[in-house]
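Secondary and tertiary structure notes
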Amino acid sequence: MATPRLDGMPRPPLVPPGPELDARARTRYARHLLLPGIGELGQRRLAAARVLLVGAGGLGSPAGIYLAAAGVGTLGLVDDDVVDLTNLQRQVLHRVEDVGRPKVVSGRDGLARVNDGVEVITHAVRLTPENALGILADYDVVIDGADNFPTRALVSQACARLGLPHVWASVHRFDAQASVWWAGVGPCYHCVFPSMPAPDQVPSCAVGGVLGATVGTIGSLLAVEALKLITGVGEPLVGRLLVHDGLAQSWVELPVRAEPTCPVCSPTADPVRPLGTTGFASGEAPAVDPVVATSPRPEVSVHEVEALLAHGARLVDVREPGEREVVRIPGAEHIPLAEVLDPTTPFGDEVVLVHCKSGARSARAVDALRARGVDARDVRGGILAWVAEIDPSLPTY
Ligand SMILES: [Zn+2]
């Protein structure tokens, strides 16, 4: 017998069963009907269930495919992005011919290919504090495959406000974390992650890289959790933080508890506080030093770089090593952002041109260098501008 956990105990099914299955559905879902705890009643619950996927990307793809195949009656897709060639390495809902199409449209078509009996509702928007409650309120379960902190924080707060389970994961390179947050039942996301990370502390997939198959593993896990919640089978991943190391192929489970004073989910939380990132403590490193930010940040265009280099300027690339493998500007020396921000890294009195992918990290670097008295200038638009305006034959990412 498994030891019962305070937060991880079986829960009643989340969704009442829909109408009886017809003959075709009995055949299609025959392997579910055989499963203890699911059976015909569970399959009817799935047919009546409404699951929202926030993000039709790396995690949303496998989660959506398995939920559609499982016969979840209604799937919502929230995404304001279009399919990019770099997405196809892990976002298996989209195909080569979908590049350039809105992800919710491509995703809807992909899910229909898996199961034409599923209703797919598309929300081609970015979740905002203004629209989040209205969108989420129509669903029974929310699967959070967001790739950015503000959306994750917003989903967490909206789920807590609506009492919805928030099936969540975060994947970085070969590693992942996953849990089911559920205000009133176990901890919410804010209980366990009360601080907002500084932008450079959590590199995105675009910067840090990510193994597509690991995203697939974790996205499937999210689908399992949603199916368990809907049917009431098993113990949901509530009150437990699963930590996965893909290189070691290890899984560690950490107990996590609701924070009695949590500003998002505790009984004393303000029920009408505006949603968003308010209430999250800032990470250690603010994105921009407020003192430096008041002084203007000199910029140069990519067209000026060559001439400045000829006059003795240095060009510094502050991106991560993997990004340089994809594409680099000739003559750029590599000093990753963390090293540039380290005040012991030596710089002389020459002009230092700084570039990154599109400008966010180089802006931080330029501000930090100028605060040290270095004549640093930001290469506007980063390497993406270089490729677009100087050498379109180069690859982008
Ligand atoms: Zn909380």
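Note that the structure is predicted; figures quoted are calculated from it, not measured. (Residues numbered from 1 in each chain as written. Predicted model: local features only at pLDDT ≥ 70, side-chain atom pairs only at ≥ 80, totals over all residues. Heavy atoms only, no water.)

In this structure, Cys188 (SG), Cys191 (SG), Cys262 (SG) and Cys265 (SG) serve as the protein donors to the zinc ion, at separations of 2.2 to 2.3 Å. Here the zinc ion is ringed by 4 donor atoms whose angles at the metal span 95 to 118 degrees, and the overall shape comes out tetrahedral. The sequence motif formed by the donor residues of the zinc ion is C-x2-C-x70-C-x2-C. With Cys191 in helix H8 (residues 189-192) and Cys262 in the loop between strand S9 (250-255) and strand S10 (281-282), this pair connects stretches of sequence that are 71 residues apart. Residue Cys191 shares its accessibility class with Cys262, and that shared class is buried. (Donors = N, O, S within 2.8 Å, 3.2 Å for Na, K, Ca; no water. Tetrahedral: all angles 85-135°; square planar, octahedral: opposite > 155°, others 65-115°. Helix = DSSP H or I, 4+ residues; strand = E, 2+ residues; numbered from the N terminus. Buried < 20%, exposed > 50% of the residue type's maximum accessible area, 1.4 Å probe, protein only.)

This paragraph deals with the sheet that holds strand S3 (residues 119-123). Judged by pairing direction, the sheet is mixed, and its 8 strands sit side by side in the order S3-S2-S1-S4-S5-S6-S8-S9 without closing on themselves. Looking at strand neighbours, the two that pair on one side only are S3 and S9, the edges of this open sheet. Pairwise comparison of adjacent strand axes, ignoring direction, gives a mean angle of 15 degrees for this sheet. Alignment of strand S1 (residues 50-54) against strand S4 (residues 141-144), held across 4 bridges, turns out to be parallel. Residue pairing for S4: Leu52 is matched across the bridge by Val142. Each of strand S2 (74-78) and S3 is contacted by helix H5 (residues 103-114), which is oriented at about 155 degrees to S2, the strand it contacts most. Against the sheet, helix H7 (residues 149-162) touches S1, S4 and strand S5 (166-172), its axis set at about 165 degrees to S5. (Pairing = 2+ DSSP bridges. Axes fitted to C-alpha atoms, helices over the stretch in contact; angles between N-to-C directions. Contact = heavy atoms within 4.5 Å.)

Now for the pairing of S9. Pairing geometry for strand S8 (residues 240-245) and S9, over 6 bridges, is antiparallel. Within the sheet, the bridge partner assigned to His244 lies in S9 and is Trp251.

This brings us to the domain arrangement of the chain. By domain assignment, the chain separates into domain 1 (23-282) and domain 2 (290-389). Put simply, the middle of domain 1 and the middle of domain 2, counted by C-alpha atoms, are 37 Å apart. (Domains from an automatic or database assignment.)

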